[in-house]
Amino acid sequence: MISNSMLKNAANDYNEDKYSEEFYTYHLKILQNAYDINESVSRAVKYLFLWKLGKVRSKQTPSSTQLKFSDSKRRQYYSIPITNTHQGIIKKAIEKERLENAIDFRDEVISYDRFKYCADELTSSTIVLPAFYIHIWRPEKFPILDEKVWKVFRDEKQQRFSRNTKPGSWDDYEAYTYFFKKIVDDTRLDWRTVDRGMWVFGHQLKKRIGNRSIKPVKDKESILLEHKKQEIILNHRQIPSNLLNKACDVIDGDLPYKYRGIMISCELIKTTMEILNAEVTKTLPQNCRNDIRERTPDGLDKRIKERLNTNLRTANIISDVLKSAGIVEIVQVINPHTNRIVKGTKLLQKWNW
């Protein structure tokens with residue numbers, strides 16, 4: 001059990017020589033206060049990625065490059081070389097359209113579910129850097145993820161891990177986010193103290209276990225169920241109870257009932273309406289698949305699967321039910337990944353909140 005005193009003591013051992021706190025917080029504030037896309041915003045994103053990669057230094061070396069930042073002690077900062085792969089990730093991160101989406105995400109104009117796919121395009125080789133892109137725009141709500149804190153998470157959950165265990169998916173990030181928020185609530189510490197303490201715990205744990213694999217295994221499905229049952233709703237504004245009651249009342253049939261192989265319930269109606277309402281356009285492509293959620297393209301079907309922890313094809317069926325009740329309309333939309341026109345579902349204006 002991680003306690004308040006344990007975290008505070010661990011946070012004091014955080015490696016500020018390698019990960020300057022002032023450098024980090026200064027550039028976070030630039031992103032929090034930005035009104036439009038400019039050079040300072042692009043630079044802040046780039047510098048934060050360099051910081052996350054451990055490439056920022058307060059001492060010059062023959063191979064380092066001077067950065068446009070000096071701290072309150074007038075120390076100049078430098079970056080050491082990064083790989084071509086990381087250069088490509090940073091280049092994508094500061095593309096104008098992606099930065100515009102990021103500011104909309106920061107301002108809660110677009111949802112976490114939508115923005116995580118924007119972040120996911122940065123790289124397919126790791127979840128850590130896309131999750132960090134989420135973090136820098138809303139740091140108080142979305143923690144930093146890396147292999148160190150992931151080991152702490154698995155240790156606390158009594159799941160097997162080794163020196164090389166790493167997080168690998170958005171499910172992992174969302175499970176860790178819920179875990180992190182609970183620690184913040186339980187210890188009543190600020191999120192940055194918790195983050196620093198978790199990083200130190202993970203560093204110590206990695207050194208202690210060496211090459212051993214420890215802790216009993218829980219199967220993947222039980223791990224996902226454990227966290228999905230906590231209703232990890234990261235950016236969905238809950239539907240007002242009176243509006244949900246009204247929606248359930250206008251559905252043709254006594255809820256719950258089975259229709260075309262799917263159980264139509266108030267929970268399914270609630271989930272579908274909240275997912276659509278979280279979108280700026282109140283619209284999503286259905287992109288239905290008779291497949292597991294990991295192989296379902298982004299759209300209403302996948303997001304319902306993720307929210308309800310199911311692999312059933314659902315979006316087309318619930319959309320037809322809600323259309324008959326006058327809650328949604330079926331529209332033609334462009335799939336952003338294929339540029340094809342596909343069937344979509346739009347929440348009607350009188351059902352927005």
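Our subject is the structure listed above.
Along each chain, residue indices are assigned from 1 in the same order as the chain's sequence is written. Side-chain atom pairs in this predicted model are given and counted only at pLDDT of 80 or more, local residue features only at pLDDT of at least 70, and totals for whole chains, interfaces and linings cover all residues. Note that water and hydrogens are dropped before the side-chain values are worked out from all heavy atoms of the structure.

**Q** Describe the overall build of the chain, with residues and values.
**A** Looking only at helices and strands, the chain features 15 helices and eight strands. A radius of gyration in this sense is built from C-alpha atoms; the matching globule rule multiplies 2.2 Å by the number of residues raised to 0.38. A compact globule built from 353 residues should have a C-alpha radius of gyration of about 20 Å, and the chain, at 22 Å, falls within 12% of that. Here the C-alpha coordinates of the chain stretch approximately 70 × 50 × 35 Å along the principal axes. By definition, residues are in contact when any of their heavy atoms lie within 4.5 Å. Put simply, 63% of the contacts in the chain that link residues at least 6 apart link residues at least 24 apart. Per-residue accessibility takes into account occlusion by the displayed protein chains alone, with areas from the Shrake-Rupley method and a 1.4 Å probe. Split by element, the accessible area of the chain, about 17,800 Å² in all, is 45% carbon and sulfur. When charges are counted, neither His nor the chain ends are considered; positive counts come from Lys and Arg and negative counts from Asp and Glu. Every charge is mapped onto a representative atom, which is NZ of Lys, CZ of Arg, CG of Asp or CD of Glu. Once the 62 positive and 46 negative side-chain charges of the chain are each reduced to a mean point, those two points are 4 Å apart. Every helix listed is a DSSP run of H or I at least four residues long, and every strand listed is a run of E at least two residues long, numbered separately from the N terminus.

**Q** Tell me what's going on with the pattern of salt bridges, and back it up with residues and numbers.
**A** Salt bridge, as used here, is a side-chain nitrogen of Lys or Arg placed within 4 Å of a carboxyl oxygen of Asp or Glu. The full count for this structure, using the stated rule, is 24 salt bridges. The partner of Arg196 in a salt bridge is Glu21, and the shortest N-O contact between them spans 3.0 Å. Here Arg196 is found in helix 10 (residues 191-209), whereas its partner Glu21 is found in helix 2 (residues 21-33), with 175 residues between them in sequence. By relative accessible area, Glu21 is classed as buried at 14%. Summary of the burial criterion: residues with accessible area below 20% of their type's maximum are buried, those above 50% are exposed, and those between are partly exposed, where the area comes from a 1.4 Å probe applied to protein chains only.

**Q** Before we move on, could you go through helix 14 (residues 300-308) and cite the residues and values that matter?
**A** For helix 14, the buried fraction is high: eight of the nine residues fall into the buried class. Of the residues making up helix 14, those classed as buried are Leu300, Asp301, Lys302, Arg303, Ile304, Lys305, Glu306 and Arg307. Looking one or two residues beyond helix 14, the residue adopting positive phi is Asn309, at roughly 55°.

**Q** Hey, could you go over the state of the cysteines for me, with residue numbers and the actual values?
**A** A pair of sulfur atoms, both from cysteines and within 2.5 Å, is called a disulfide here. For the structure on display, the rule yields one disulfide. A disulfide bridge connects Cys248 with Cys266, and the sulfur atoms are separated by 2.4 Å. Remark: Cys266 occurs in helix 13 (residues 266-277) and Cys248 occurs in helix 12 (residues 241-250); sequence separation between them is 18 residues. According to the relative accessible area criterion, Cys248 is buried, its value standing at 10%.

**Q** Let's hear about the sheet that holds strand 3 (residues 76-79): which residues, and what values?
**A** Each strand in a sheet pairs with its neighbour through backbone hydrogen bonds, running either in the same direction (parallel) or in the opposite one (antiparallel). At least two DSSP bridges between two strands are needed for those strands to be called paired. One open sheet accounts for three strands, arranged 1-3-2; its pairing is antiparallel. Whereas interior strands pair on both sides, the edge strands pair on one side only; in this sheet they are strand 1 (56-57) and strand 2 (65-70). The sheet contact formed by strand 2 and strand 3 spans three bridges and is antiparallel. Among the inter-strand pairings, Gln66 is bridged to a residue of strand 3, identified as Tyr78.

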